[in-house]
2 protein chains.
Amino acid sequence: MHTAWLTEDEENTWRAFRRLLIALPARLSRDLARDSGLSPADYEVLSTLSEKPNRRWALKDLAAKMEWSRSRLSHHAARMQARGLVGKEPDPQDARGCILHLTDDGFRVLDDAAPHHVVSVRARFLDHLSPDELALLRTLSTRIADLPD
Amino acid sequence: MHTAWLTEDEENTWRAFRRLLIALPARLSRDLARDSGLSPADYEVLSTLSEKPNRRWALKDLAAKMEWSRSRLSHHAARMQARGLVGKEPDPQDARGCILHLTDDGFRVLDDAAPHHVVSVRARFLDHLSPDELALLRTLSTRIADLPD
DNA sequence: ATAAGGTCGGTGACATGTCATCGAATGCGT
DNA sequence: ACGCATTCGATGACATGTCACCGACCTTAT
C-alpha cells in the first residue's frame, strides 16, 4: 500500500532525478544553440524529417511521429520555414493537408549540427554511464514512458 | 575515444530516456493542474517557501535555492502575488532586496496540493521502480546532474 | 446525393521563460 | 570619505508552447 508521503530514499531519489530532468536538457540546449544555432525543437524537426528517404512528411504524420500537437508543429514549422530550414507544399492526396520537407539549407545545417550534438550527448550524459547502468536506464525509461497517459 | 555516432545500445537508451524526459514532466504537470490548479513552477515556489519555519525568503536566496534566475522568480512571484499565493515586502536589511512569503491562502493551497502530488509522483514514477533501481537511479542522477555546467 | 461528423492545418490569445538592460543600493579598496 | 564595480529586483522585447477555435475538406451512413 501507499502512504501520502515518501520514504527518505524515495524523497532523495526524486530530488536528484528532478535536478537531472532540469539540468540535462538545459545543458544540451545550450550546447546546441552555441554549436549550431538550433533549439532542441529545431533539431528534432530536422532530424525526424531526415529519417524518410525523400525527407518529406505530411505535417500530421510528422506531428504524430514526434508526439507533438499539430498546432505546435504548425507554429514551429512556420518559424523554421521563415528561416529557410524547411519547406511546405500542398498535399496532392488531401487538400486539407500539407507536406513538409527539408530544404538543402536545412539538410546542411542538420549535417553540421549532428556530430556536435552527439559529442554533447556523450559529454553530458552517455559517457558517465556504465554498460549496466545504460541497460537498466533503458528498460526503466521504456517502462515508465510507456505507462498510459 | 569517442566516435561521432552512437552504438545501437546508446542510441536506444538515449531515445527511451528522451521520451521519459518529455512524458514524465508532462504527466505530473497535468495531474497538478487538474488536482490543484497549480503549475509545477507554482508548486516548487510554494513548497520551497514553506521549507523555512517562518515561510519567508529573500528573493535572491529563494532563486538560488531553486536554481532559478532572479528575473524568472521576479516574473513568477509577481504572477503568484496577483493570485494571492505569495506576498512581497521590502527587505529591512537591504533596500535593494525583497522578502517573499507564503500567504495563508498559499499555504492552504499547498497543503491541499501536496498529498495529491505525492500520489501522482508515485503513480507515474516511483511505484514502477524496484529498490535497486531506485538506488541506482539516485546515484546516477546525482552524478550527472553534478557535472559542471 | 446529401447531411453529419470527423480530421486537417492555421490562427489569436495567453502563459511562461530567456535575455539584455535599467536604476537603485551596497560594499570594497583606497 | 569617496568612487567604482557589483548586486539587487524590475522591466520590456522576444521565443516558444498551450488551448480553443476556425474554415476547409474528407468520409461515412442513409
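The preceding data block contains the structure.
Here the structure is a predicted model, which is why all the values come from computation and not from measurement.

Chemist: Help me get a handle on the relation of the copies chain B and chain A, residues and values and all.
Modeler: Rotating chain B by 180° and translating it 0.0 Å along the rotation axis places it on chain A, where the RMSD comes to 0.0 Å. Such a combination of rotation and displacement between the chain copies is what one expects of a two-fold axis. Minimal C-alpha distance to the rotation axis in chain B is attained by Leu 21 of chain B, lying at 3.1 Å. Take the interface residues of chain B: 100% of them recur as interface residues in chain A, which is what a same-surface contact looks like.

Chemist: Can you break down the protein's contact with DNA strand C residue by residue, with the values?
Modeler: Looking at DNA strand C, there are 19 residues lining it, with Lys 60, Arg 70, Ser 74 and Arg 96 of chain A together with Arg 72 of chain B nearest. For DNA strand C, the backbone portion of the atoms within 4 Å of the protein, that is sugar and phosphate, comes to 67%. At 2.8 Å from a phosphate oxygen of DNA strand C is found a side-chain nitrogen or oxygen belonging to Arg 72 of chain B. Of all the secondary structure elements, the ones that give two or more residues to the surface near DNA strand C are helix 3 (59-66) and helix 4 (70-82) of chain A together with helix 4 (70-82) of chain B. With five residues, helix 4 of chain B is the single largest residue contributor to the surface near DNA strand C. Across the surface near DNA strand C, the residue classes break down as four nonpolar, seven polar and eight charged.

Chemist: Describe the protein's contact with DNA strand D, naming the residues involved and giving the relevant values.
Modeler: Every one of the 19 residues lining DNA strand D counts as a neighbour, but Ser 71 of chain A together with Lys 60, Arg 70, Ser 74 and Arg 96 of chain B are closest to it. The contact atoms of DNA strand D, taken as those within 4 Å of the protein, divide so that sugar and phosphate hold 64%. Within the contact set of DNA strand D, a phosphate oxygen lies 3.0 Å away from a backbone nitrogen or oxygen of Lys 60 of chain B. At a separation of 3.5 Å, a phosphate oxygen of DNA strand D approaches a polar side-chain atom of Lys 88 of chain B. For the surface near DNA strand D, the leading source of residues is helix 4 of chain A, giving five residues. A breakdown of the residues in the surface near DNA strand D according to their chemical character gives four nonpolar, seven polar and eight charged.

Chemist: Explain the interface of chain B and chain A residue by residue, including any values.
Modeler: In this assembly, 51 residues from chain B lie in contact with 51 residues from chain A. Between chain B and chain A the total buried area reaches about 5200 Å² when both faces are included, carbon and sulfur atoms providing 63% of it. Three residues, Trp 14, Arg 122 and Ile 144 of chain B, lead the burial of chain B against chain A; their summed loss comes to 11% of the area buried on that side. Put simply, chain B and chain A have 12 salt bridges between them. A salt bridge links Glu 10 of chain B to Arg 122 of chain A; the shortest N-O distance between them is 2.9 Å. The tally of links between chain B and chain A comes to 24 residue pairs in polar contact (both at pLDDT 80 or more). Residue assignment for the side of chain B that touches chain A shows that the elements contributing at least two residues are helix 1 (8-36), helix 5 (104-124) and helix 6 (131-145) of chain B. Taken together, the residues of the side of chain B that touches chain A break down into 25 nonpolar, eight polar and 18 charged.

Chemist: Let's hear about the sheet that holds strand 1 (residues 56-58) of chain A: which residues, and what values?
Modeler: Residues and elements named next belong to chain A. Strand order in the open sheet formed by three strands is 1-3-2, with antiparallel pairing between adjacent strands. Both edges of this open sheet fall to strand 1 and strand 2 (86-90), since each of them pairs with a single strand only. Recorded for the sheet is a direction-independent mean angle of 25° between the axes of neighbouring strands. Pairing of strand 2 with strand 3 (residues 98-102) involves five bridges; the strand directions are antiparallel. Bridging from a neighbouring strand, Val 86 pairs with Leu 102 of strand 3.

Chemist: How would you sum up the pattern of salt bridges? Please name residues and give values.
Modeler: In the structure shown here, the tally under the stated rule is 34 salt bridges over all chains. Put simply, Arg 34 of chain B and Asp 35 of chain B hold a salt bridge, and the shortest N to O gap is 2.4 Å. Here the salt bridges share partners, and the residues they tie into one network are Asp 31, Arg 34, Asp 35 and Arg 124 of chain A.

Chemist: For the sheet that holds strand 3 (residues 98-102) of chain B, give the residues involved together with the corresponding values.
Modeler: Residue and element names in this part refer to chain B. Taken together, the three strands give an open sheet; going across it, the order is 1-3-2, and neighbouring strands pair in antiparallel fashion. The sheet terminates laterally at strand 1 (56-58) and strand 2 (86-90), the two strands that pair on one side only. For this sheet, the mean angle separating the axes of adjacent strands, direction not counted, is 25°. Helix-sheet contacts for helix 2 (residues 40-49) involve strand 1, strand 2 and strand 3, and the interaxial angle to strand 3 is about 95°. Sheet strands in contact with helix 4 are strand 2 and strand 3, and its direction is about 120° off that of strand 2.

Thresholds, definitions, all that
- Residues numbered from 1 in each chain as written.
- Chains lettered and ligands numbered in written order.
- Predicted model: local features only at pLDDT ≥ 70, side-chain atom pairs only at ≥ 80, totals over all residues.
- Heavy atoms only, no water.
- Least-squares fit on C-alpha atoms with pLDDT ≥ 70 in both.
- Contact = heavy atoms within 4.5 Å.
- Near = heavy atom within 4 Å.
- Polar contact = N/O pair within 3.5 Å; in protein donor to acceptor, adjacent residues only side chain to side chain.
- Helix = DSSP H or I, 4+ residues; strand = E, 2+ residues; numbered from the N terminus.
- Nonpolar A, V, L, I, M, F, W, Y, C, P; charged D, E, K, R; others polar.
- Buried area = accessible area lost by both parts, 1.4 Å probe.
- Salt bridge = Lys/Arg side-chain N within 4 Å of Asp/Glu carboxyl O.
- Pairing = 2+ DSSP bridges.
- Axes fitted to C-alpha atoms, helices over the stretch in contact; angles between N-to-C directions.

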